[in-house]
Amino acid sequence: MSYGYTGNILHLDLSSKKHWIENPAENFYRTYWGGRALALYYMLNQMKPHTDPLSPDNLLIFAPSVITGVSAPAIPRYTVCAKSPLTGGQGEAEAGGWWGPELKKAGFDAIIIRGSSSTPVYLYIKDGKIEIKDATHLWGKDTGETQRIIKEELTDDKIRIAQIGPAGENLVRFANIVNELKHFNGRNGLGAVMGSKKLKAIAVRGTKPIELYNKERVSQITKEITKRVMDNPLSRDLREIGTPGVVRPSYEAGCLPSYNWTTGYFKEGENLTAETYNKTILKGTKGCYACPIRCKRVVEINEPGLKVDPAYGGPEYESIVSLGSLCGISDLKYIAKANELCNKYTMDTISAGMVIAFAMQCYQEGLLSKKDTGGIELTFGNKEAVLKMIEKIVHREGLGDLLSQGSYLASQKIGQGSEKFIYQVKGQEIPMHDPRLKTGVGLQYALSDYGADHMKAAHDPFFKDKDSVGIKEMKGLGILEPVSPTDMGQKKVTLFKLLDIYWTVFDILGVCDFGYVPRSVGTMEELLEIIRSTTGWRTTWFELMKLGERSINMARTYNYREGFTSQDDTLPEIFYHNFKSGPLDGQGAIDKKDFEKALRLRYELMGWNADTGIPTTAKLIELGLDWLIDEVSR
Ligand code: SF4
């Protein structure tokens, strides 16, 4: 008897329209557990090296985990993996919402999709039954319209739909995938992979409850966490001010990314704070499956010419900054509109804001002209221009076609030194957290296999002094001593090795980072107990940390196979220089030598070759990955 997982993995070939179901043994599940670990197993075993990410040979994998679907706080997430068209390496993105739990209830632990349909289709899964349906009438439609039509034609309002909008169809390299219109597999361009397969949507409906080993214990822990949610400042703030709460400290400190990263000082920052947001555009908050925290923003604007539909949620911190201060915009209503457009077209807001801000700087420096922009005055602060550029990128018109390739490829085409104005790691645009004030986040940007990402580990301030949540609550991992957010020494490297693995476990299991320590109210012990009570496995944090490490080594090996080297573990040059203007003027530069030393130490701590960063055979053997030894010995 299996608990937590269904034992069924669905394989689908869209070229032949055939499907089959695999039933792996328990040991397979206990080795890979789901999410990125399970996906990487198939990517390494069933995909040829150097596959074109937009070809039928790329595998597109939807993977919840062995605990997805348990009715416990903040465990709603699932992973999508494929070779990324943005980075050319391992692509991955997690989303909350309801789709992952629904897939489990419909009878599957994962879907592995290969091939490509000649005409648009969508997949309908209901309680174990599979149907490939025509989607010609849905192609070109935005996500709201698509969801409405699918629910109507399947005459079931309870269906959960993961889908792409026109950005995915048009192969924008940073298109994403959305479920329930506002929960995104946000980065790495996985929506373009779905578009390349002509797969518009996956509609799922499941009515079978997931078998739990100890349902009573799960519900007891759920009650205990839920009771604390409104009293604990971390989870209360998540609901009351949400991620926009990060704007004020960043702008007051002078590290709010602005004007394409040329400064951290944005003098109109007050207009972007959570307090302004709540007073002006917030309609309410919503949550994900079984989560009492309800931190997701919902925005409504009813002004003529500037309507924003609450169905698409509202901008989170990253989007406020990438579509706001980064482009010199301080009008939250326009930012909310830009966010809504990205959402209904399924385009990552971080990369969208970054490519537009990059183009604005090119325009300011005379590298692009009005002729290139199609008559748009592409100056910082021009809010109408941002909305127009989003349309152009999604529909790949004029300059939008170039920007749809991401800032790295766009700068190669523009040339003229424009590469100075892009900020990316492994081809993915960096998120809105300045690593000069959070060096651990900087290390994670550099080391992340799927390019710069702010959700690769908990952030430095949670470990800054003895009263910090990370120090008080994570002693079980051996985290005993605080480390300054700007430190780049051995203690920081050791801490972030652990944090990288810890949050990787969250990603594999579909646990939301906002639900458990150090970011929120659930403890490590409670999470472990939920996992045990769901699966019946007497697991430990030791086993879970090895699982996280296993998947990191698989991703590292995958990227090595695709041609990545230690030269790709890097940070944009700007972070080795001081801030210009504002409270931090003349300060903050990361010492490049310290950073390089830190990277080398991190390689060694991971059991990788100190020079090349390639996993050693001993490390692969330790993690049960001896089947990868040939890959690293080549
Ligand atoms: S904390 Fe917020 S994002 Fe995370 S699962 Fe709960 S509602 Fe969703």
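Residues numbered from 1 in each chain as written. Predicted model: local features only at pLDDT ≥ 70, side-chain atom pairs only at ≥ 80, totals over all residues. Heavy atoms only, no water.

Below, the discussion takes up the overall build of the chain. When you go through the chain residue by residue, the secondary structure sums to 25 helices and 18 strands. A compact globule built from 634 residues would reach a C-alpha radius of gyration of about 26 Å, and the chain, at 23 Å, matches this within 12%. In terms of principal-axis extent, the alpha carbons of the chain reach across some 65 × 60 × 55 Å. In the chain, which comprises 634 residues, the proportion classed as buried is 65%. (Helix = DSSP H or I, 4+ residues; strand = E, 2+ residues; numbered from the N terminus. Rg over C-alpha atoms; globule rule 2.2 N^0.38 Å. Buried < 20%, exposed > 50% of the residue type's maximum accessible area, 1.4 Å probe, protein only.)

Okay, the site of the ligand next. Around the ligand, the structure places Ala74, Pro76, Gly287, Cys288, Cys291, Ile293, Arg294, Cys295, Lys296, Cys512 and Phe514. Of the residues assigned to the shell around the ligand, the class counts are eight nonpolar, one polar and two charged. (Near = heavy atom within 4 Å. Nonpolar A, V, L, I, M, F, W, Y, C, P; charged D, E, K, R; others polar.)

Once that is clear, we can look at the nonpolar core. A general trend in soluble globular proteins is that nonpolar side chains are found buried together. Met347, Ile390, Tyr502 and Trp541 are the most contacted members of the largest nonpolar core, which has 168 residues in total. The residues touching tyrosine 502, leaving out its near neighbours within four places in the chain, are Met474, Leu477, Val517, Pro518, Met524, Trp541 and Met545. By size, the runner-up hydrophobic cluster in this structure holds 29 residues, among which are Val121, Leu123, Ile177 and Ile202. (Core = buried A, V, L, I, M, F, W, Y, C linked by side-chain atoms within 4.5 Å. Contact = heavy atoms within 4.5 Å.)

Apart from glycine, the bulk of residues carry a negative phi angle, and the bulk of peptide bonds sit in the trans form. Here the residue pair valine 517 and proline 518 is connected by a cis peptide bond, since its omega of 10° sits within 30 degrees of zero. The backbone phi angle of tryptophan 261 is positive, close to 65°, even though this residue is not glycine. Note that tryptophan 261 resides in the loop between α9 (247–253) and α10 (274–280). What makes tryptophan 261 buried here is its relative accessible area of 2%. Despite not being glycine, alanine 290 shows a phi value in the positive range, around 60°.

This part is about the pairing of strand β7 (residues 121–126). One face of the sheet, then the other: side chains in a regular strand alternate in exactly this way. β7 sits mainly inside the fold: five of its six residues count as buried. In sequence, β7 turns back onto strand β8 (residues 129–134) through a hairpin of two residues, with aspartate 127 there showing a positive phi of about 40°. (Pairing = 2+ DSSP bridges.)

Bringing helix α15 (residues 383–394) into the picture now. Helix length check: α15 (twelve residues) gives 17 Å between terminal C-alpha atoms against 16 Å at 1.5 Å per residue, within 8%. Taken residue by residue, α15 has Ala385, Val386, Leu387, Met389, Ile390, Lys392, Ile393 and Val394 as its buried positions. Looking at the packing, one finds that the buried side of α15 touches α5 (166–169), α12 (332–345), α13 (349–364), α14 (370–373) and α16 (399–403). The N-terminus of α15 is capped by asparagine 382, whose side-chain oxygen sits 3.3 Å from the backbone nitrogen of glutamate 384. The first or second residue beyond α15 is arginine 396, which carries a positive phi of 55°. (Expected span 1.5 Å × (residues − 1). Polar contact = N/O pair within 3.5 Å; in protein donor to acceptor, adjacent residues only side chain to side chain.)

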